[in-house]
Amino acid sequence: MTSPAPKKLFIKTYGCQMNVYDSDRMADALASHGYVPTNELEGADLVVLNTCHIREKASEKVFSELGRLKELRDERRAAGEDMMIGVAGCVAQAEGEEIIRRSPAVDLVFGPQSYHRLPDLVTRALNGQVIDTEFPPEDKFEHLPAPKKEVTISRGLTAFLTVQEGCDKFCSFCVVPYTRGAEVSRPVSQVLAEARNLVEAGVKELTLLGQNVNAYHGLTESGRAMGLGELLYKLAEIPGLERLRYTTSHPRDMDDALIEAHRDLDKLMPYLHLPVQSGSDRILKAMNRRHDRDEYLRLIERIKAARPDLALSGDFIVGFPGETDEDFEATLAIIREAEYASAFSFKYSTRPGTPGAAMDNQVAEEVKTERLARLQALVTEQQRAFNRSCVGRTLPVLIERIGRQAGQVGGRSPYLQAVHLNGAVEMIGGVRQVEIIDVGPNSLVGRLVAQAAA
């Protein structure tokens, strides 16, 4: 007897790093049911769109993609083949039955809390359309299989590890509490076990994920709540793990233990993503951010006092309802004072069901566009200045891949910058001391320090 041919799984991932992690775990959940991941849409037996609902028109992009998938499936069926279509993630959670109504070709719709049940959902969808957007009482992570070692190895030297989901902050612009639910932290033993498995499979760098990751309060086996700072100390003890990062943080949850971890742990990279969103206290209050400008700046001072070489990244929203020219100038001012090494910035977009969507004084689109261009120009100027400041420094670089040119390898600096240098393929997987000798448009150019190489 011969084993049945494996079925091909194609997942298209939108949005944040947590969706990347979720897509990997969906593949893990389906592996034991005969599905193997493929990078080719054509020929896939199951196509899943893992969606993000943060930005405006996110759902429309999904419906547009579903239209193309229907055409592809019609072609497959005309050729005597078939293809199942699924929608996962935050758009699935928010839209639910609307997806089936507008796109009848969809076979299954499931939210971020349901993908541990994916094998059963796929089986049920063979007999009719399935929608699962409930928040289940069980811990999905307890029901997910551990990734196979050979699969983990194929994913590379760096990996994401979700430790916390959901958010209790209810910022007035954000849909996350409604699509991901309340804050939930994974147990400490569960996080450590997954981390060890990843490191045993060759992962050198872990990025801990959470919608509000520094609100982590996972329980120990004795029932005590452990914060993110203490968790980082535990993870740093894992042999073979070279680097730790975490994202995304909220200023209100940056406690002393986490700041001390930045001071004490060499494995914790000196790069912090700490969104402020606006530099105007009036707008921050309207956003329900629960911090003001001065509190944020004092917090940065404390963190940089603990880790002087720390580089800062942030998020900014321009054109929040009621934002005046004075409010926007306050945002530019806080960018200049905080000195960001990188940042993400967006025009405010209304998310249905959030308080911001119902606010008066919505800012005109052309005003948002002009403000965003000015803000991004300032951030780009700061990012280039930070990159130039690295020239002449020697930085530890995790060598991850073969470079684009012959005899070249590439990796990442502690500040997440891409670094290219001449070197042998045998260097891949190691952290090497690299002198930065030049700056490119989107990367650094380095030279291997001979003594470190020896």
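Refer to the structure above for everything that follows.
Residues numbered from 1 in each chain as written. Predicted model: local features only at pLDDT ≥ 70, side-chain atom pairs only at ≥ 80, totals over all residues. Heavy atoms only, no water.

Let's talk about the nonpolar core
By size, the foremost hydrophobic cluster in this structure holds 74 residues, and its most contacted members are Leu108, Leu208, Leu231, Leu232 and Tyr246. The next biggest cluster of nonpolar side chains, apart from the first, holds 21 residues, and it includes Phe10, Leu72, Met83 and Ile99. (Core = buried A, V, L, I, M, F, W, Y, C linked by side-chain atoms within 4.5 Å. Buried < 20%, exposed > 50% of the residue type's maximum accessible area, 1.4 Å probe, protein only.)

Let's talk about the side chain of Glu183
With respect to the helices and strands, the residue Glu183 is situated in the loop between helix H8 (176–179) and strand E9 (184–185). Of the polar contacts made by the side chain of Glu183, one reaches the side chain of Asn212; its length is 2.9 Å. Glu183 has contacts with Gln164, Glu165, Gly166, Cys167, Asp168, Lys169, Asn212, Ala215 and His217, leaving out every residue within four places of it along the chain. (Helix = DSSP H or I, 4+ residues; strand = E, 2+ residues; numbered from the N terminus. Polar contact = N/O pair within 3.5 Å; in protein donor to acceptor, adjacent residues only side chain to side chain. Contact = heavy atoms within 4.5 Å.)

Side note on the pattern of salt bridges
This model, assessed by the stated rule, comprises 33 salt bridges. Its salt-bridge partner being Arg124, residue Asp120 comes within 3.7 Å of it at the nearest N-O pair. Remark: Arg124 and Asp120 occur in helix H5 (residues 118–125); sequence separation between them is four residues, near one turn of the helix. Take Asp120: its relative accessible area is 41%, and that puts it in the partly exposed class. Glu370 serves as the salt-bridge partner of Arg374, at 3.9 Å between the closest nitrogen and oxygen. Separated by four residues within a single helix, Arg374 and Glu370 lie in helix H15 (residues 365–389), roughly one turn from each other. Given a relative accessible area of 36%, Arg374 falls into the partly exposed group. Linked by salt bridges that have partners in common, Arg25, Asp28, Arg186 and Glu194 make up one network. (Salt bridge = Lys/Arg side-chain N within 4 Å of Asp/Glu carboxyl O.)

A few points about a negative patch on the surface
Among the surface-exposed residues, Glu40, Glu42, Glu71 and Glu75 lie close enough to one another that they form a single negatively charged patch. If you trace the backbone, Glu42 turns up in the loop between strand E2 (35–37) and strand E3 (46–51). Given a relative accessible area of 54%, Glu42 falls into the exposed group. (Patch = residues over 30% accessible without salt bridge, like charges linked within 9 Å, V, L, I, M, F, W, Y side chains within 5 Å. Areas by Shrake-Rupley, 256 points an atom, 1.4 Å probe, with all protein chains shown as cover. Lys, Arg positive; Asp, Glu negative; His and termini not counted. Charge placed at Lys NZ, Arg CZ, Asp CG, Glu CD.)

Focus on unusual backbone geometry
The residue after Thr247, namely Thr248, is reached through a cis peptide bond having omega 5°. Along the polypeptide, Thr248 turns up in the loop between strand E13 (243–247) and helix H11 (256–264). A positive phi angle, near 60°, is found at Asn288, a position not held by glycine. With respect to the element layout, Asn288 can be found in the loop between helix H12 (281–286) and helix H13 (293–306).

Comments concerning the sheet that holds strand E7 (residues 158–162)
For sheets, the rule is that strands pair by backbone hydrogen bonds, running either parallel or antiparallel. With parallel pairing, three strands are arranged side by side in an open sheet as E7-E10-E13. Pairing within the sheet leaves two strands with one partner each, and these edge strands are E7 and E13. Neighbour-to-neighbour, the strand axes of the sheet open up by a mean angle of 25°, direction not taken into account. Relative to strand E10 (residues 205–209), E7 runs parallel, the two sharing five bridges. Opposite Thr162, over in E10, you have Leu209 as the bridge partner. (Pairing = 2+ DSSP bridges. Axes fitted to C-alpha atoms, helices over the stretch in contact; angles between N-to-C directions.)

Description of the layout of surface pockets
The gaps of empty space that remain are located by a probe, the size of a water molecule, rolled over the atoms. Considered as a void within the structure, the second largest pocket measures approximately 380 Å³ in volume. Lining the second largest pocket we find 20 residues, and of these Gln383, Asn387, Gln417, Pro441 and Asn442 sit closest to its centre. For the lining of the second largest pocket, the element with the highest residue contribution is H15, accounting for six residues. Among the residues making up the lining of the second largest pocket, the classes are represented as nine nonpolar, eight polar and three charged. (1 Å grid on protein atoms, 1.4 Å probe; cavity = no way out; pocket = protein on both sides within 12 Å on 5 of 7 lines; lining within 4 Å. Points joined across faces, edges and corners; volume = space filled by probe spheres on them. Nonpolar A, V, L, I, M, F, W, Y, C, P; charged D, E, K, R; others polar.)

Some remarks on the pairing of strand E19 (residues 418–422)
As paired strands, strand E18 (residues 408–412) and E19 are joined by five bridges and run antiparallel to one another. In the strand pairing of E19, Gln408 is matched with Asn422. Between the end of E18 and the start of E19, which pair antiparallel, lie five residues, with Leu416 showing a positive phi angle near 70°. Note that E19 and strand E21 (residues 444–448) share two bridges and pair parallel. Directly across from His420, in E21, lies its bridge partner Val445.

Here we look at the sheet that holds E21
Around the barrel, which closes on itself, the five strands sit in the order E17-E18-E19-E21-E20 with mixed pairing between neighbours. Going from strand to strand, the sheet's axes swing by 50° on average, the running direction of each strand aside.

Topic: the environment of Leu209
Assignment of secondary structure puts Leu209 in strand E10. Spatially, the C-alpha atoms of Leu209 and Gly314 are 16 Å apart, while their sequence positions differ by 105 residues.

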